[in-house]
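The primary structure of each chain is shown beneath.
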Amino acid sequence: MNKVWRVAEQFALPGEILAVEPHGDGNINDTYLVTTDQQFQPAGGFILQRINTHVFQSPKLIVANMRTLTEHIQGKLEHEGNGPTRRWAVPSILPIQQGDDFIVDPQGDFWRATSFIDRAHSYGTVQNEAHAREAGYALGRFQSLLSDLDPENLHDTLAGFHITPLYLLKYDQVMRRKPHVKDSPDVRYCHRMIAERRQWASVLEDAKDQGALQVRTMHGDPKIDNIMICEDSGQAVGIVDLDTVKPGLVQYDIGDCLRSSCNPLGESPSNWDDVCFETGLARAILEGYVTVAGDFLTRNDFAYIYDSIRLMTFELGLRFFSDYLAGNIYYKIKYPEHNLERAIVQFKLTESIEAQERTIRSIIAELDLRLNGT
Ligand code: GN1
Ligand code: MG
């Protein structure tokens, strides 16, 4: 019996474990799907994760945040009464037999389990416009359910997450250590992309400091892989991966969702010259988003959507590239140049967004007008 299986057995399960298999494609934590012989979970199984404590240094705070937000959402869903009739699910933390929320094994690894969303799965890339619309709906629905959860009630599980100027500082620090990477046109391209955009990279933080944007509760990682689609209806039924739910800007979420969902080739295509930001998909996502987010979005929120899409894409390129320079200590990699290639993909996507600024801004303006009038 392997180690993961032994950990899985410590959770409070009425049935026998049938299988423990690696699940998903996460870049940080190790994720397993545990299948049980009883239908105690609607899906007959649950998700078990080993939290990467190099990244999340206080994993107990993640579990505490998850409790806070699932209780908040469940409470709202129960009181919705005549509200949206669509199915919506939120993963909840599963207790261990001794009643605690997590396990620290003898090696010091931190494990937690969450319920599985039944009859639903996610996709690594966007499938079509209907899928994109559902992704937008999911983000709006999630944010709207959390729009009255005071961010002060949540811990900061990952300090500095999505604060782009801090990623620039990290990049500068790595560069000062003179990293041992081979010089190449690809590496020079990445340095140039960063140098040309660093003045602008504080755009969201400046808007926050000036009071134009307000800190709310965010998901932090609403990429297409984390959006669950119902197998029966094709509708979005939830967002998973709640580790980075914490105080932040809704713009980080909007930008991250669009950078991921409008790139049909995904984060690791073999030919990055074909990487393109599809504005038809962007329209579909934002249309789905505003059907549920219209209630809490301000005009300023709309004003910064274009910058947020461009910035979150650029930021992920900067984060991948800095990790490549630092010796690949943050993201899991499959081969030595993986983070460099991931960075180039995000930078190509950034250029594609910039080349279509006018079209993207006009989609946003049209939706703003539709919702808020002149
Ligand atoms: C990481 O581990 P995963 O795949 O859920 C990262 C996100 C990135 C994403 C890119 C905590 O998420 O910010 O957008 O990779 N999560 C963290 O695929 O850094
Ligand atoms: Mg994640």
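Residues numbered from 1 in each chain as written. Chains lettered and ligands numbered in written order. Predicted model: local features only at pLDDT ≥ 70, side-chain atom pairs only at ≥ 80, totals over all residues. Heavy atoms only, no water.

> Sorry if this is basic, but what is going on with the coordination of the magnesium ion (ligand 2) here?
Tetrahedral coordination by four donors sets the ideal angle at the metal to 109.5 degrees; octahedral coordination by six donors sets it to 90 or 180 degrees. Looking at the magnesium ion (ligand 2), one finds its protein donor set to be Asp 221 (OD) and Asp 241 (OD), positioned 1.9 to 2.0 Å from the metal centre. Taken together, the positions of Asp 221 in the loop between strand S8 (216–218) and strand S9 (227–230) and Asp 241 in the loop between strand S10 (236–239) and strand S11 (246–248) put the pair 20 residues apart, joining distant regions of the chain. Since its relative accessible area comes to 18%, Asp 221 is described here as buried. By relative accessible area, which is 26% here, Asp 241 ends up partly exposed. (Donors = N, O, S within 2.8 Å, 3.2 Å for Na, K, Ca; no water. Helix = DSSP H or I, 4+ residues; strand = E, 2+ residues; numbered from the N terminus. Buried < 20%, exposed > 50% of the residue type's maximum accessible area, 1.4 Å probe, protein only.)

> Would you explain unusual backbone geometry in this entry?
Leaving glycine out, the prevailing phi sign among residues is negative, and the prevailing peptide bond configuration is trans. Here the phi dihedral of Lys 178 falls at roughly 50 degrees; this positive angle occurs in a residue that is not glycine. Residue position: Lys 178 is located in the loop between helix H4 (164–176) and helix H5 (185–197). Residue classification places Lys 178 among the exposed positions, given a relative accessible area of 63%. Residues other than glycine seldom take positive phi values, yet Asn 328 does so here, at roughly 60 degrees. In this fold, Asn 328 is placed in the loop between helix H10 (305–326) and helix H11 (338–355).

> Just checking my understanding: could you explain the site of ligand 1 for this structure?
If you check the shell around ligand 1, you find 15 residues, and the closest are Asn 27, Lys 223, Glu 267, Arg 319 and Tyr 330. A distance of 3.1 Å separates an oxygen atom of ligand 1 from a polar atom in the backbone of Ile 28. Between ligand 1 and Glu 267, the relevant distance is 2.6 Å, taken from an oxygen atom to a side-chain nitrogen or oxygen of the residue. In the complex, 95% of the free accessible area of ligand 1, which totals 440 Å², lies under the protein chains. If you count residues domain by domain, the shell around ligand 1 takes at least three from each of domain 1 (1–57 + 91–117) and domain 2 (155–223 + 246–279 + 295–374). (Near = heavy atom within 4 Å. Polar contact = N/O pair within 3.5 Å; in protein donor to acceptor, adjacent residues only side chain to side chain. Areas by Shrake-Rupley, 256 points an atom, 1.4 Å probe, with all protein chains shown as cover. Domains from an automatic or database assignment.)

> Honestly, the domain arrangement of the protein chain in this entry has me stumped. Any pointers?
It is common to give the size of an interface as the accessible area that goes away when the parts come together. Per the domain assignment, the segments making up the protein chain are domain 1 (1–57 + 91–117) and domain 2 (155–223 + 246–279 + 295–374). Here the C-alpha centre of domain 2 lies 31 Å away from the C-alpha centre of domain 1. At the junction of the two partners, domain 1 supplies ten residues and domain 2 supplies ten residues. For the domain 1 and domain 2 pair, buried surface summed over both sides reaches about 800 Å², with 47% attributable to carbon and sulfur atoms. The largest share of the area that domain 1 buries against domain 2 comes from Asn 27, Val 55 and Phe 56, three residues that together contribute 58% of it. Lys 332 is paired through a salt bridge with Asp 30; the nearest N and O atoms lie 2.9 Å apart. Linking domain 1 with domain 2 are four residue pairs in polar contact (both at pLDDT 80 or more), by the criterion used here. Of the residues in the side of domain 1 that touches domain 2, the class split is three nonpolar, five polar and two charged. (Contact = heavy atoms within 4.5 Å. Buried area = accessible area lost by both parts, 1.4 Å probe. Salt bridge = Lys/Arg side-chain N within 4 Å of Asp/Glu carboxyl O. Nonpolar A, V, L, I, M, F, W, Y, C, P; charged D, E, K, R; others polar.)

> What should I look at first to understand the packing of helix H7 (residues 250–261) against H10 in this one?
Two quantities define a packed helix pair, namely the angle between the axes and the distance from one axis to the other. In contact at an axis separation of 7 Å, H7 and H10 are set at 65 degrees when each is read in the N-to-C sense. The angle between the axes of H7 and H10 places the two elements in the roughly perpendicular class. H10 is crossed by H7, and the crossing has right-handed handedness. Contacts from Gln 251, Tyr 252, Ile 254, Gly 255, Asp 256, Leu 258 and Arg 259 in H7 reach Ile 305, Ser 308, Ile 309, Met 312, Thr 313 and Leu 316 in H10. For the contact of H7 with H10, a count of residues per class yields seven nonpolar, four polar and two charged. (Axes fitted to C-alpha atoms, helices over the stretch in contact; angles between N-to-C directions. Parallel < 35°, antiparallel > 145°, perpendicular 65-115°, else oblique. Left-handed = near helix turned anticlockwise from the far one by under 90°.)

> Is there a simple way to think about the nonpolar core in this case?
The tendency in soluble globular proteins is for nonpolar side chains to be buried as a group. Ranked by size, the top nonpolar core spans 98 residues in total, and within it Phe 142, Leu 258, Phe 277, Tyr 289, Phe 321 and Phe 347 carry the most contacts. Split by domain, this core shows at least three residues from each of two domains, domain 1 (1–57 + 91–117) and domain 2 (155–223 + 246–279 + 295–374). Look past the residues within four positions of Phe 277 in its chain and what remains in contact with it is Leu 258, Cys 262, Ala 282, Ile 309, Leu 349, Ser 352, Ile 353, Gln 356 and Ile 360. Residues Ala 8, Phe 11, Ile 17 and Val 34 belong to the second largest nonpolar core, which totals 16 residues. (Core = buried A, V, L, I, M, F, W, Y, C linked by side-chain atoms within 4.5 Å.)

> Looking at this structure, I do not really get the packing of aromatic side chains. What am I missing?
The geometry of an aromatic ring pair is captured by two quantities: the separation of the ring centres and the angle between the planes. Applying the stated rule across the entire model yields eleven aromatic pairs. Judged by centre distance (6.2 Å) and plane angle (35 degrees), the rings of Tyr 32 and Trp 111 are tilted. Placement of Tyr 32 in strand S2 (residues 30–36) and of Trp 111 in strand S6 (residues 110–115) is noted, with a sequence separation of 79 residues between them. Their ring planes at 65 degrees and their centres at 4.7 Å tell us that Tyr 330 and Tyr 331 sit as a pair that is edge-to-face. Among the residues examined, Tyr 331 registers a relative accessible area of 7% and is labelled buried. Every member of this aromatic cluster is reached through a ring pair, and the members are Tyr 189, Trp 200, Phe 314 and Phe 347. Above the ring of Tyr 137, the side-chain terminus of Arg 86 is found at 3.6 Å from the ring centroid. The ring of Tyr 189 has Lys 348 lying over it, and the distance from NZ or CZ to the ring centre is 4.5 Å. (Phe/Tyr/Trp six-rings, centres within 6.5 Å; stacked < 30°, edge-to-face > 60°. Lys NZ or Arg CZ within 6 Å of the ring centre and 35° of its normal.)

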